[in-house]
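# Structural features, examined
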Amino acid sequence: MSAETGEEAVLFRGVSKTYGTLVALDAIDLRIPRGQSVAILGPNGAGKTTALSLLLGLRNPTAGSLSVLGGKPREQAVRARVGAMLQSSGLPEYLRVDEAIALFRSYYPAPLPIDELLALAGLTEKARSRIARLSGGQVQRLYFALALCGNPELLVLDEPTVGLDVEARRSLLATISEIANRGRTVLMSTHYLEEADAVSDRVVVIDRGRIIADGTPSEVKGTVGRKRVAFTSRVAFDDVRLSRNGERYEALTESPELLLRDLFTRGIEIDDLTVTGATLEEAFLALTGGENKHVA
Ligand code: ATP
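Residues numbered from 1 in each chain as written. Predicted model: local features only at pLDDT ≥ 70, side-chain atom pairs only at ≥ 80, totals over all residues. Heavy atoms only, no water.

## Observations concerning the environment of Phe 144
With respect to the secondary-structure elements, Phe 144 resides in helix α6 (residues 136-148). Owing to a relative accessible area of 0%, Phe 144 belongs among the buried residues under this scheme. Between the alpha carbons of Phe 144 and Val 156 there is a distance of 10.0 Å; along the sequence they are 12 residues apart. Phe 144 has contacts with Met 85, Leu 120, Ala 121, Leu 155, Leu 157, Leu 172, Thr 175 and Ile 176, leaving out every residue within four places of it along the chain. (Helix = DSSP H or I, 4+ residues; strand = E, 2+ residues; numbered from the N terminus. Buried < 20%, exposed > 50% of the residue type's maximum accessible area, 1.4 Å probe, protein only. Contact = heavy atoms within 4.5 Å.)

In C-alpha coordinates form, the structure reads like this:
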(Lines give C-alpha, C1' and ligand atoms only; values in the text may rest on other atoms or scores of the structure.)
Protein backbone atom coordinates (compact mmCIF):
# COMPACT_ATOMS: atom_id res chain seq x y z
CA MET A 1 0.00 0.00 0.00
CA SER A 2 1.50 3.33 -0.96
CA ALA A 3 2.03 6.00 1.66
CA GLU A 4 -0.16 8.31 -0.38
CA THR A 5 -3.26 6.19 -0.11
CA GLY A 6 -2.55 4.25 3.07
CA GLU A 7 -4.25 6.68 5.43
CA GLU A 8 -7.25 7.40 3.28
CA ALA A 9 -10.58 5.66 3.48
CA VAL A 10 -11.76 7.62 0.45
CA LEU A 11 -9.88 9.74 -2.05
CA PHE A 12 -11.55 11.60 -4.93
CA ARG A 13 -9.20 13.34 -7.33
CA GLY A 14 -10.78 15.62 -9.89
CA VAL A 15 -13.82 13.34 -10.10
CA SER A 16 -16.57 14.35 -12.50
CA LYS A 17 -19.70 12.53 -13.50
CA THR A 18 -21.94 13.66 -16.30
CA TYR A 19 -25.22 12.19 -17.47
CA GLY A 20 -25.52 13.40 -21.05
CA THR A 21 -25.16 17.14 -20.76
CA LEU A 22 -25.98 17.23 -17.05
CA VAL A 23 -22.93 17.66 -14.82
CA ALA A 24 -23.84 15.77 -11.63
CA LEU A 25 -20.34 16.04 -10.13
CA ASP A 26 -17.88 18.67 -11.22
CA ALA A 27 -14.18 17.93 -10.57
CA ILE A 28 -14.55 16.87 -6.94
CA ASP A 29 -11.45 16.60 -4.74
CA LEU A 30 -12.15 14.92 -1.43
CA ARG A 31 -9.91 13.15 1.04
CA ILE A 32 -11.45 11.26 3.94
CA PRO A 33 -8.97 9.85 6.44
CA ARG A 34 -9.68 6.48 8.03
CA GLY A 35 -11.81 6.64 11.15
CA GLN A 36 -13.50 9.91 10.25
CA SER A 37 -17.27 10.25 10.29
CA VAL A 38 -18.36 12.49 7.47
CA ALA A 39 -21.76 13.80 6.46
CA ILE A 40 -22.37 14.81 2.88
CA LEU A 41 -24.98 17.49 3.02
CA GLY A 42 -26.82 18.94 0.07
CA PRO A 43 -30.23 19.68 -1.41
CA ASN A 44 -32.08 17.44 -3.88
CA GLY A 45 -30.05 16.73 -6.96
CA ALA A 46 -26.80 18.07 -5.47
CA GLY A 47 -24.87 14.95 -6.47
CA LYS A 48 -24.75 13.10 -3.12
CA THR A 49 -26.05 9.75 -4.38
CA THR A 50 -23.84 10.03 -7.45
CA ALA A 51 -20.74 10.56 -5.27
CA LEU A 52 -21.62 7.58 -3.07
CA SER A 53 -22.41 5.32 -6.00
CA LEU A 54 -19.05 6.14 -7.61
CA LEU A 55 -17.15 5.17 -4.49
CA LEU A 56 -19.18 1.97 -4.23
CA GLY A 57 -18.22 1.12 -7.80
CA LEU A 58 -21.85 1.17 -8.95
CA ARG A 59 -21.08 3.82 -11.54
CA ASN A 60 -17.92 4.93 -13.30
CA PRO A 61 -16.62 8.48 -13.15
CA THR A 62 -16.55 10.42 -16.41
CA ALA A 63 -13.20 11.94 -15.40
CA GLY A 64 -10.75 11.80 -12.52
CA SER A 65 -9.80 8.95 -10.24
CA LEU A 66 -10.91 7.62 -6.92
CA SER A 67 -9.66 5.11 -4.44
CA VAL A 68 -11.39 3.42 -1.53
CA LEU A 69 -9.45 1.83 1.35
CA GLY A 70 -6.35 2.03 -0.81
CA GLY A 71 -7.82 0.16 -3.78
CA LYS A 72 -10.28 0.51 -6.63
CA PRO A 73 -13.99 0.57 -5.71
CA ARG A 74 -14.79 -2.60 -7.67
CA GLU A 75 -12.00 -4.78 -6.30
CA GLN A 76 -13.40 -7.70 -4.34
CA ALA A 77 -10.92 -7.05 -1.51
CA VAL A 78 -12.28 -3.51 -1.19
CA ARG A 79 -15.96 -4.43 -1.49
CA ALA A 80 -15.67 -6.97 1.32
CA ARG A 81 -14.60 -4.15 3.66
CA VAL A 82 -17.34 -1.70 2.71
CA GLY A 83 -20.96 -1.78 3.87
CA ALA A 84 -23.62 0.25 2.13
CA MET A 85 -27.19 1.30 2.69
CA LEU A 86 -28.70 2.86 -0.41
CA GLN A 87 -32.02 4.51 -1.11
CA SER A 88 -33.02 2.01 -3.75
CA SER A 89 -32.37 -1.30 -2.08
CA GLY A 90 -34.69 -4.19 -2.84
CA LEU A 91 -35.19 -7.46 -1.02
CA PRO A 92 -37.48 -10.43 -1.61
CA GLU A 93 -40.48 -9.81 0.66
CA TYR A 94 -40.99 -13.47 1.49
CA LEU A 95 -37.65 -13.65 3.37
CA ARG A 96 -37.65 -13.35 7.13
CA VAL A 97 -35.48 -10.73 8.81
CA ASP A 98 -33.07 -13.34 10.21
CA GLU A 99 -32.89 -15.08 6.81
CA ALA A 100 -32.04 -11.86 5.01
CA ILE A 101 -29.31 -11.14 7.55
CA ALA A 102 -27.97 -14.71 7.33
CA LEU A 103 -27.84 -14.39 3.54
CA PHE A 104 -25.87 -11.15 3.68
CA ARG A 105 -23.56 -12.46 6.40
CA SER A 106 -22.65 -15.33 4.07
CA TYR A 107 -21.07 -12.86 1.62
CA TYR A 108 -18.41 -11.75 4.10
CA PRO A 109 -15.33 -13.44 5.54
CA ALA A 110 -15.75 -12.14 9.12
CA PRO A 111 -19.37 -11.10 9.64
CA LEU A 112 -20.77 -9.66 12.86
CA PRO A 113 -22.86 -12.10 14.95
CA ILE A 114 -26.52 -12.13 13.97
CA ASP A 115 -27.71 -11.21 17.48
CA GLU A 116 -25.48 -8.16 17.51
CA LEU A 117 -26.78 -7.09 14.11
CA LEU A 118 -30.39 -7.49 15.23
CA ALA A 119 -29.68 -5.51 18.39
CA LEU A 120 -27.83 -2.73 16.55
CA ALA A 121 -30.78 -2.33 14.19
CA GLY A 122 -33.37 -2.62 16.98
CA LEU A 123 -34.91 -5.65 15.26
CA THR A 124 -34.40 -8.38 17.84
CA GLU A 125 -38.17 -8.74 18.35
CA LYS A 126 -38.74 -8.91 14.60
CA ALA A 127 -36.10 -11.53 13.79
CA ARG A 128 -38.65 -14.08 12.60
CA SER A 129 -40.98 -11.66 10.82
CA ARG A 130 -41.29 -11.69 7.07
CA ILE A 131 -40.05 -8.56 5.34
CA ALA A 132 -43.53 -8.09 3.85
CA ARG A 133 -44.86 -7.62 7.40
CA LEU A 134 -42.38 -4.93 8.46
CA SER A 135 -43.23 -1.25 8.68
CA GLY A 136 -41.33 1.16 6.42
CA GLY A 137 -39.10 2.18 9.32
CA GLN A 138 -38.35 -1.42 10.20
CA VAL A 139 -37.39 -2.20 6.60
CA GLN A 140 -35.08 0.80 6.72
CA ARG A 141 -33.47 -0.59 9.89
CA LEU A 142 -33.10 -3.98 8.24
CA TYR A 143 -31.15 -2.33 5.42
CA PHE A 144 -28.97 -0.78 8.07
CA ALA A 145 -28.32 -4.21 9.63
CA LEU A 146 -27.46 -5.59 6.19
CA ALA A 147 -24.96 -2.76 5.64
CA LEU A 148 -23.25 -3.76 8.89
CA CYS A 149 -23.18 -7.52 8.21
CA GLY A 150 -19.55 -7.66 7.08
CA ASN A 151 -18.32 -5.56 10.03
CA PRO A 152 -17.24 -2.96 7.46
CA GLU A 153 -14.27 -0.64 7.81
CA LEU A 154 -16.17 1.88 5.73
CA LEU A 155 -19.91 2.34 6.16
CA VAL A 156 -21.72 4.26 3.44
CA LEU A 157 -25.26 5.44 4.17
CA ASP A 158 -27.37 7.28 1.61
CA GLU A 159 -30.01 9.31 3.46
CA PRO A 160 -30.49 6.57 6.05
CA THR A 161 -33.21 8.32 8.06
CA VAL A 162 -35.65 8.88 5.19
CA GLY A 163 -39.11 7.73 6.23
CA LEU A 164 -38.26 7.19 9.90
CA ASP A 165 -40.31 8.70 12.70
CA VAL A 166 -38.62 10.94 15.25
CA GLU A 167 -37.78 8.19 17.70
CA ALA A 168 -36.52 5.71 15.07
CA ARG A 169 -34.44 8.48 13.53
CA ARG A 170 -32.90 9.43 16.86
CA SER A 171 -32.08 5.82 17.65
CA LEU A 172 -30.57 5.13 14.21
CA LEU A 173 -28.39 8.24 14.48
CA ALA A 174 -27.23 7.11 17.94
CA THR A 175 -26.26 3.72 16.50
CA ILE A 176 -24.42 5.34 13.61
CA SER A 177 -22.48 7.41 16.16
CA GLU A 178 -21.64 4.25 18.06
CA ILE A 179 -20.27 2.63 14.88
CA ALA A 180 -18.20 5.76 14.24
CA ASN A 181 -16.92 5.64 17.82
CA ARG A 182 -15.69 2.11 17.18
CA GLY A 183 -13.21 3.70 14.79
CA ARG A 184 -15.08 2.89 11.59
CA THR A 185 -15.14 5.36 8.75
CA VAL A 186 -18.70 6.51 8.19
CA LEU A 187 -19.89 8.43 5.17
CA MET A 188 -23.53 9.48 5.32
CA SER A 189 -25.55 11.68 3.01
CA THR A 190 -28.31 13.82 4.41
CA HIS A 191 -30.46 16.87 3.80
CA TYR A 192 -30.31 17.87 7.44
CA LEU A 193 -27.62 19.83 9.20
CA GLU A 194 -28.87 18.57 12.60
CA GLU A 195 -28.25 14.98 11.51
CA ALA A 196 -24.80 15.83 10.29
CA ASP A 197 -24.16 17.56 13.59
CA ALA A 198 -25.34 14.53 15.57
CA VAL A 199 -23.08 11.92 14.00
CA SER A 200 -20.24 13.52 12.11
CA ASP A 201 -16.78 14.94 12.77
CA ARG A 202 -16.94 16.70 9.45
CA VAL A 203 -19.55 18.05 7.09
CA VAL A 204 -18.97 18.34 3.36
CA VAL A 205 -21.62 20.48 1.72
CA ILE A 206 -22.25 19.88 -1.95
CA ASP A 207 -24.48 21.76 -4.29
CA ARG A 208 -24.87 21.37 -8.02
CA GLY A 209 -21.98 18.92 -8.16
CA ARG A 210 -19.45 21.07 -6.32
CA ILE A 211 -18.14 21.15 -2.79
CA ILE A 212 -19.15 24.52 -1.41
CA ALA A 213 -18.22 24.08 2.26
CA ASP A 214 -16.13 21.59 4.20
CA GLY A 215 -15.45 21.71 7.92
CA THR A 216 -16.54 20.65 11.37
CA PRO A 217 -20.29 20.77 12.02
CA SER A 218 -19.88 24.00 13.97
CA GLU A 219 -17.80 25.61 11.23
CA VAL A 220 -20.40 24.70 8.64
CA LYS A 221 -23.20 25.83 10.91
CA GLY A 222 -21.45 29.18 11.13
CA THR A 223 -21.51 29.38 7.35
CA VAL A 224 -24.96 28.05 6.67
CA GLY A 225 -26.57 28.97 9.96
CA ARG A 226 -27.60 32.37 8.79
CA LYS A 227 -30.69 34.29 9.68
CA ARG A 228 -33.24 35.53 7.25
CA VAL A 229 -34.29 39.10 7.93
CA ALA A 230 -37.42 40.32 6.18
CA PHE A 231 -39.39 43.53 6.50
CA THR A 232 -41.23 46.18 4.52
CA SER A 233 -40.32 49.81 4.13
CA ARG A 234 -42.56 52.37 2.48
CA VAL A 235 -39.62 54.58 1.64
CA ALA A 236 -37.33 52.99 -0.93
CA PHE A 237 -33.63 52.78 -0.15
CA ASP A 238 -30.55 50.87 -1.30
CA ASP A 239 -28.38 48.57 0.75
CA VAL A 240 -26.05 46.01 -0.83
CA ARG A 241 -26.93 43.44 1.83
CA LEU A 242 -30.62 43.49 0.99
CA SER A 243 -32.67 42.30 -1.92
CA ARG A 244 -35.82 44.23 -2.70
CA ASN A 245 -39.15 43.32 -4.22
CA GLY A 246 -41.46 46.32 -4.14
CA GLU A 247 -41.68 47.39 -0.50
CA ARG A 248 -40.39 44.06 0.69
CA TYR A 249 -36.74 43.72 1.71
CA GLU A 250 -34.86 40.57 2.58
CA ALA A 251 -31.37 39.54 3.58
CA LEU A 252 -29.54 36.44 4.72
CA THR A 253 -27.03 37.38 7.36
CA GLU A 254 -24.98 35.96 10.19
CA SER A 255 -25.54 39.14 12.17
CA PRO A 256 -29.12 40.38 11.90
CA GLU A 257 -28.56 42.66 14.90
CA LEU A 258 -25.81 44.53 13.10
CA LEU A 259 -27.85 44.91 9.93
CA LEU A 260 -30.90 46.20 11.81
CA ARG A 261 -28.84 48.57 13.94
CA ASP A 262 -27.32 50.06 10.77
CA LEU A 263 -30.77 50.56 9.27
CA PHE A 264 -32.13 52.19 12.41
CA THR A 265 -29.06 54.41 12.63
CA ARG A 266 -29.77 55.54 9.08
CA GLY A 267 -33.28 56.41 10.19
CA ILE A 268 -34.93 53.87 7.92
CA GLU A 269 -38.42 52.97 9.12
CA ILE A 270 -39.38 49.37 8.80
CA ASP A 271 -42.56 47.34 9.35
CA ASP A 272 -43.50 43.67 9.55
CA LEU A 273 -40.04 42.63 10.67
CA THR A 274 -39.30 38.90 10.90
CA VAL A 275 -35.97 37.26 11.70
CA THR A 276 -35.95 33.51 11.14
CA GLY A 277 -33.34 30.79 10.82
CA ALA A 278 -32.39 30.40 7.19
CA THR A 279 -33.51 27.15 5.67
CA LEU A 280 -30.78 24.97 4.32
CA GLU A 281 -31.96 25.80 0.81
CA GLU A 282 -31.45 29.48 1.55
CA ALA A 283 -28.09 28.74 3.07
CA PHE A 284 -27.04 26.90 -0.09
CA LEU A 285 -28.17 29.82 -2.18
CA ALA A 286 -26.16 32.14 0.03
CA LEU A 287 -23.09 29.94 -0.24
CA THR A 288 -23.33 29.73 -3.99
CA GLY A 289 -23.83 33.43 -4.43
CA GLY A 290 -27.58 33.34 -4.99
CA GLU A 291 -28.02 36.01 -2.34
CA ASN A 292 -26.15 38.55 -4.41
CA LYS A 293 -29.24 39.52 -6.32
CA HIS A 294 -29.08 43.06 -5.12
CA VAL A 295 -31.43 45.83 -5.91
CA ALA A 296 -30.54 47.20 -9.32
P1 ATP B 1 -31.32 13.67 -3.59
O2 ATP B 1 -31.08 14.41 -2.32
O3 ATP B 1 -32.56 14.12 -4.29
O4 ATP B 1 -31.22 12.19 -3.46
P5 ATP B 1 -28.64 13.78 -4.71
O6 ATP B 1 -27.82 14.85 -4.11
O7 ATP B 1 -28.40 12.40 -4.22
O8 ATP B 1 -30.17 14.15 -4.61
P9 ATP B 1 -28.03 12.72 -7.32
O10 ATP B 1 -29.01 11.60 -7.24
O11 ATP B 1 -26.59 12.39 -7.21
O12 ATP B 1 -28.40 13.87 -6.27
O13 ATP B 1 -28.30 13.48 -8.70
C14 ATP B 1 -27.48 14.53 -9.17
C15 ATP B 1 -28.01 14.99 -10.51
O16 ATP B 1 -27.79 13.97 -11.49
C17 ATP B 1 -29.50 15.27 -10.53
O18 ATP B 1 -29.73 16.38 -11.36
C19 ATP B 1 -30.11 14.01 -11.12
O20 ATP B 1 -31.31 14.29 -11.80
C21 ATP B 1 -29.03 13.57 -12.08
N22 ATP B 1 -28.99 12.10 -12.26
C23 ATP B 1 -28.75 11.19 -11.29
N24 ATP B 1 -28.74 9.95 -11.81
C25 ATP B 1 -28.98 10.07 -13.13
C26 ATP B 1 -29.08 9.14 -14.21
N27 ATP B 1 -28.91 7.84 -14.04
N28 ATP B 1 -29.34 9.65 -15.43
C29 ATP B 1 -29.49 10.97 -15.64
N30 ATP B 1 -29.40 11.91 -14.66
C31 ATP B 1 -29.14 11.46 -13.42
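## Thoughts on the site of the ligand
Contacts to the ligand come from 15 residues, most closely from Asn 44, Gly 45, Lys 48, Thr 49 and Thr 50. Contacts to the ligand include Ala 46, whose backbone N or O atom sits 3.0 Å from an oxygen atom. Within the side chain of Thr 49, a nitrogen or oxygen atom sits 2.6 Å from an oxygen atom of the ligand. Elements with a minimum of two residues in the shell around the ligand: β2 (22-33) and α2 (48-55). With 3 residues, the top contributor of residues to the shell around the ligand is α2. Taken together, the residues of the shell around the ligand break down into 5 nonpolar, 7 polar and 3 charged. (Near = heavy atom within 4 Å. Polar contact = N/O pair within 3.5 Å; in protein donor to acceptor, adjacent residues only side chain to side chain. Nonpolar A, V, L, I, M, F, W, Y, C, P; charged D, E, K, R; others polar.)

## Remarks on the packing of aromatic side chains
Evaluated as defined, the whole model comprises 3 aromatic pairs. Between Phe 231 and Tyr 249, the aromatic rings sit 5.6 Å apart at their centres with planes inclined by 10°, giving stacked as the arrangement. Residue Phe 231 is found in strand β10 (residues 227-232), and its partner Tyr 249 is found in strand β12 (residues 248-253); the two are separated by 18 residues along the sequence. Assigned by exposure class, Phe 231 and Tyr 249 land together as buried. (Phe/Tyr/Trp six-rings, centres within 6.5 Å; stacked < 30°, edge-to-face > 60°.)

## As for the packing of helix α4 (residues 97-105) against α6
For the pair α4 and α6, interaxial distance at closest approach is 9 Å and the crossing angle is 25°. Taken together, the axes of α4 and α6 are roughly parallel relative to one another. Crossing of α4 against α6: the hand is right-handed. Here Val 97, Ala 100, Ile 101 and Phe 104 of α4 lie close against α6, whose contacting residues are Leu 142, Ala 145 and Leu 146. Residues of the contact of α4 with α6, tallied by class, amount to 7 nonpolar, no polar and no charged. (Axes fitted to C-alpha atoms, helices over the stretch in contact; angles between N-to-C directions. Parallel < 35°, antiparallel > 145°, perpendicular 65-115°, else oblique. Left-handed = near helix turned anticlockwise from the far one by under 90°.)

Geometric descriptors of this kind do not, in isolation, establish any biological role.
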